[in-house]
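Listed below, chain by chain, are the residues.
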Amino acid sequence: MEEKSTFQRIYEVVKEIPRGQVASYGQVAALAGNRRWAQVVGYALHANPDPEMIPCYRVVTKAGEVSRAFAFGGGSRQMELLANEGVIFLEDGTVDMKQCQWKKQIL
C-alpha cells in the first residue's frame, strides 16, 4: 500500500472539519500526524488542489484569526465563507474559538 504524502494527510483532516466549525493550523497538523507541521499546513492549504472538496477556509490561527493571505479571495472572503456557515465572530474580527473550534481529539 502506498504511503500518503504529508499534504494528502493534511487534506484528509481538513475534509473532516464540520460545517460551521473551524480548526487551528496546529490542530490540523497534530491530527495529520505531527504537531510541528503547522506551517506545512499553511503551505498545503495555499496549494489546495480542490477548494470545493477541501474546505481550507475552515482553518484559522489558534487565536481565531483568518489568513490575510487566504489563497481563494483573501481574508474577507474567508470570513464570508465562515459566516455563511454560522461561525461566530467576536468584535475584534476573530472566530469565537470557544464556541466554534472543532472538538476532534488528537490520538
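Computed from a prediction, not measured in an experiment: that's the story for all the values here.

## Notes on the confidence of the model for the protein chain
Logical step 1: Residues at a pLDDT of 70 or more form 95% of the protein chain, whose mean pLDDT is 92.
Logical step 2: Confidence, read as mean pLDDT per element, is least for helix α4 (residues 74–84) in the protein chain (90) and greatest for strand β1 (residues 23–24) (98).

## Topic: the pattern of salt bridges
Logical step 1: Scanning the model with the defined rule gives 5 salt bridges in all.
Logical step 2: Here Glu85 ties to Arg58 by a salt bridge, and the two come within 2.6 Å at their closest N and O atoms. Residue Glu85 is located in the loop between α4 and α5 (97–100), and its partner Arg58 is located in the loop between α3 (38–46) and β2 (59–60); the two are separated by 27 residues in the primary sequence.
Logical step 3: Classification of Glu85 by relative accessible area gives buried; the value is 12%.
Logical step 4: A single network of salt bridges, built from pairs that share partners, joins Arg19, Arg58 and Glu85.

## Describing the packing of helix α1 (residues 6–16) against α3
Logical step 1: Where α1 contacts α3, the axes come no closer than 10 Å and their chain directions differ by 80°. If you check the angle between α1 and α3, you find them roughly perpendicular. Across the interface between the two elements, Thr6, Phe7, Ile10, Tyr11 and Val14 of α1 pack against Val40, Val41, Tyr43, Ala44 and Leu45 of α3.
Logical step 2: Within the contact of α1 with α3, the residues separate by chemical class into 9 nonpolar, 1 polar and no charged.

## Some remarks on the nonpolar core
Logical step 1: Judged by nonpolar contacts, the single largest core of 29 residues is most densely connected at Val14, Val28, Val41, Val59, Leu82 and Val95.
Logical step 2: Val41 has contacts with Ile10, Tyr25, Val28, Ala29 and Val59, leaving out every residue within four places of it along the chain.

## A short note on the environment of Gln105
Logical step 1: Tracing the sequence through the fold places Gln105 in the segment after α5.
Logical step 2: The spatial distance from the C-alpha of Gln105 to the C-alpha of Leu31 is 8.1 Å, given a sequence separation of 74 residues.

Definitions and cut-offs
- As a convention, each chain's residues are numbered from 1 in the sequence order in which they are written.
- Note on the predicted model: pLDDT of at least 70 is required for a residue's local features to be given, and 80 or more for side-chain atom pairs to be given and counted; whole-chain, interface and lining totals, by contrast, use all residues.
- Excluding hydrogens and water, the side-chain figures rest on all heavy atoms present in the structure.
- The score called pLDDT rates the predictor's confidence residue by residue, from a low of 0 to a high of 100.
- Counting from the N terminus, the helices are DSSP H or I runs at least four residues long and the strands are E runs at least two residues long.
- Note on definitions: salt bridges are taken to be side-chain nitrogens of Lys or Arg within 4 Å of carboxyl oxygens of Asp or Glu.
- Buried means the residue's accessible area, taken with a 1.4 Å probe over protein chains only, is under 20% of the maximum for its type, while exposed means over 50%, and partly exposed covers the values in between.
- A fitted line through C-alpha atoms represents every axis, and for helices the fit uses only the stretch in contact; the resulting angles, taken between N-to-C directions, go from 0 to 180 degrees.
- Orientation is classified from the angle alone, with under 35 degrees giving roughly parallel, over 145 giving roughly antiparallel, 65 to 115 giving roughly perpendicular, and any other angle giving oblique.
- In this analysis, two residues are considered to be in contact whenever any of their non-hydrogen atoms come within 4.5 Å of each other.
- Amino acids outside the nonpolar list (Ala, Val, Leu, Ile, Met, Phe, Trp, Tyr, Cys, Pro) and the charged list (Asp, Glu, Lys, Arg) are all regarded as polar, and Gly is one of them.
- Remark: nonpolar core denotes a set of buried residues (Ala, Val, Leu, Ile, Met, Phe, Trp, Tyr, Cys) joined through side-chain atoms within 4.5 Å.

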